[in-house]
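# Topology and contacts: notes
The primary structure of each chain is shown beneath.
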Amino acid sequence: MLKICFHGHSCFTISSDDNKGIIIDPFLKGNPLADIEPQDVDVEAVLITHGHDDHFGDAIEIAKNSDALIVAPFELAVFCQQRGVEKVHGMHIGGSHEFDFGWVKLTHAHHGSAYIEDGNIIYTGNPCGFLYGAGDNLVYHAGDTGLFGDMELLGDMHDIDVALLPIGDNFVMGPEDALTAVSMLKPRIIVPMHYNTFDLIEQDASRFQKMVEEKTNSICTVLEPGGHLML
Ligand code: NI
Ligand code: MN
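Presented here is a report on the structure given in the accompanying data block. Note that the structure is a prediction, hence the values are computed from the model and not measured.

## Observations regarding the coordination of the manganese ion (ligand 2)
The coordination sphere of the manganese ion (ligand 2), as far as protein atoms go, consists of Asp54 (OD), His55 (NE2), Asp144 (OD) and His194 (NE2), spread over 2.1 to 2.2 Å. In this structure, the manganese ion (ligand 2) lies 3.3 Å away from the nickel ion (ligand 1), the two metals sharing Asp144 as a donor. Of this pair, His55 sits in helix α1 (residues 53–56) while Asp144 sits in the loop between β12 (137–141) and α4 (151–157); the two residues are 89 residues apart in sequence, bridging distant segments of the chain. Neither residue differs from the other here; His55 and Asp144 are each classed as buried.

Written out as structure tokens, the structure is:
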């Protein structure tokens, strides 16, 4: 049994009966939609797709508080280490690894990746998405990305139970491109993310849900922050 909780924007915690699980893209402080605080989080690992603040968020504080392992693209993992995180595991696009808390594979994402501090841009490698397998379940978190044709390949190679896809437009896929992504990935369930956090990325999730259910065989589950689904 896998529990996937949405915490607003692109932040999810995924846990199971025998595992306190992971948090992905822990943007909580400064996230107007977040339903939890960094100090509420107790996980085995923090997965970060890229260095932008609305994804990197409170990763360092959470990793230190719960003595969690940070899993991220190599350059970003090194950056976390330089900021005092003891346990980091760098990976790169196409690579996978079996951890105590599940299987992780990095997928590519068409986006940027930098940590911006006091006006300085610190390069943090390539952005990524994650395939996360735990038990019999497979979850795909796309990170921040535009639509790309290799989603077809991901859909053919993997039996994806839940796809977490951005729909906010401007920085990432908008609803129409996300609909095409769903038709290529063929997940059992799709959960939209990265929308309505700020005015610029406002979207009508129920309209998107309708499009998905009319045009694909996937179920679209819209989660409110604090909401969850069980697999
Ligand atoms: Ni970004
Ligand atoms: Mn973003």
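## A few points about the packing of helix α5 (residues 175–185) against helix α6 (residues 205–215)
Between α5 and α6, whose axes approach to 10 Å, the crossing angle comes to 35 degrees. As for the relative orientation of α5 and α6, their crossing is right-handed in sense. Each of Pro175, Glu176, Ala178, Leu179 and Val182 in α5 lies in contact with α6, whose residues at this interface are Arg207, Phe208, Met211, Val212 and Lys215. Here the contact of α5 with α6 is built from residues that sort into seven nonpolar, no polar and three charged.

## A look at the pattern of salt bridges
Close approach of charged atoms allows side chains with opposite charge to pair. In this structure the tally under the stated criterion is eight salt bridges. Between Lys186 and Asp156 there is a salt bridge; the shortest N-O distance is 3.5 Å. Of the two residues, Lys186 is situated in the loop between α5 and β14 (189–193) and Asp156 in helix α4; the sequence distance between them amounts to 30 residues. The class of Lys186 is partly exposed, set by a relative accessible area of 42%. When its relative accessible area of 56% is taken as the criterion, Asp156 is described as exposed. Among the charged side chains, a network of salt bridges with common partners joins Glu152, Asp156 and Lys186.

## Topic: the pairing of strand β10 (residues 120–123)
For strand β9 (residues 114–117) and β10, the ladder comprises four bridges, and the chain directions are antiparallel. Following the sheet pairing, Ala114 is matched in β10 by Tyr123. From the end of β9 to the start of β10, which pair antiparallel, there are two residues, and Asp118 there has a positive phi angle of about 50 degrees.

## Some thoughts on helix α3 (residues 74–82)
Listed as buried for α3 are Leu76, Ala77, Phe79 and Cys80. One face of α3 carries all of its buried residues, which in axial projection span an arc of 155 degrees. Lining the buried residues of α3 we find α1, β5 (69–73), β6 (88–91), β9 and β10.

## Points about the coordination of the nickel ion (ligand 1)
By definition of the ideal shapes, four donors in a tetrahedron about a metal sit 109.5 degrees apart, and six donors in an octahedron sit 90 or 180 degrees apart. Around the nickel ion (ligand 1), the protein supplies His50 (NE2), His52 (ND1), His111 (NE2) and Asp144 (OD) as donor atoms, at distances of 2.2 to 2.3 Å. Around the nickel ion (ligand 1), the four donor atoms are arranged such that angles at the metal cover 87 to 177 degrees; this shape is classified as irregular. Taken in chain order, the donor set of the nickel ion (ligand 1) reads H-x1-H-x58-H-x32-D. Residue His111 is classed as partly exposed on the basis of its relative accessible area of 25%.

## So, the sheet that holds strand β11 (residues 128–134)
The strand order across the open sheet formed by seven strands is β7-β8-β11-β12-β13-β14-β15, and the pairing between neighbours is mixed. Edge positions in the sheet fall to β7 (96–99) and β15 (219–220), since each of these pairs with one other strand and no more. Against the sheet, α5 contacts β12, β13 (162–166) and β14, and its axis sits at roughly 155 degrees relative to β13.

## So, unusual backbone geometry
Phi at Asp67 is positive, roughly 50 degrees, even though this residue is not glycine. As for its position among the elements, Asp67 is in the loop between α2 (59–65) and β5. Despite not being glycine, Lys186 shows a phi value in the positive range, around 50 degrees.

## Brief notes about the packing of aromatic side chains
A full pass over the atoms with the stated rule returns five aromatic pairs. Ring centres of Phe79 and Tyr115 lie 4.8 Å apart, and the angle between their planes is 45 degrees; on these two criteria the pair is classed as tilted. Of this pair, Phe79 sits in helix α3 while Tyr115 sits in strand β9; the two residues are 36 residues apart in sequence, bridging distant segments of the chain. Of the two residues examined, Phe79 and Tyr115, each falls in the buried class. Aromatic ring contacts, followed pair by pair, group Phe56, Phe79 and Tyr115 into a single cluster.

Thresholds, definitions, all that
Residues numbered from 1 in each chain as written. Chains lettered and ligands numbered in written order. Predicted model: local features only at pLDDT ≥ 70, side-chain atom pairs only at ≥ 80, totals over all residues. Heavy atoms only, no water. Donors = N, O, S within 2.8 Å, 3.2 Å for Na, K, Ca; no water. Helix = DSSP H or I, 4+ residues; strand = E, 2+ residues; numbered from the N terminus. Buried < 20%, exposed > 50% of the residue type's maximum accessible area, 1.4 Å probe, protein only. Axes fitted to C-alpha atoms, helices over the stretch in contact; angles between N-to-C directions. Left-handed = near helix turned anticlockwise from the far one by under 90°. Contact = heavy atoms within 4.5 Å. Nonpolar A, V, L, I, M, F, W, Y, C, P; charged D, E, K, R; others polar. Salt bridge = Lys/Arg side-chain N within 4 Å of Asp/Glu carboxyl O. Pairing = 2+ DSSP bridges. Arc of directions from axis to C-beta. Tetrahedral: all angles 85-135°; square planar, octahedral: opposite > 155°, others 65-115°. Phe/Tyr/Trp six-rings, centres within 6.5 Å; stacked < 30°, edge-to-face > 60°.

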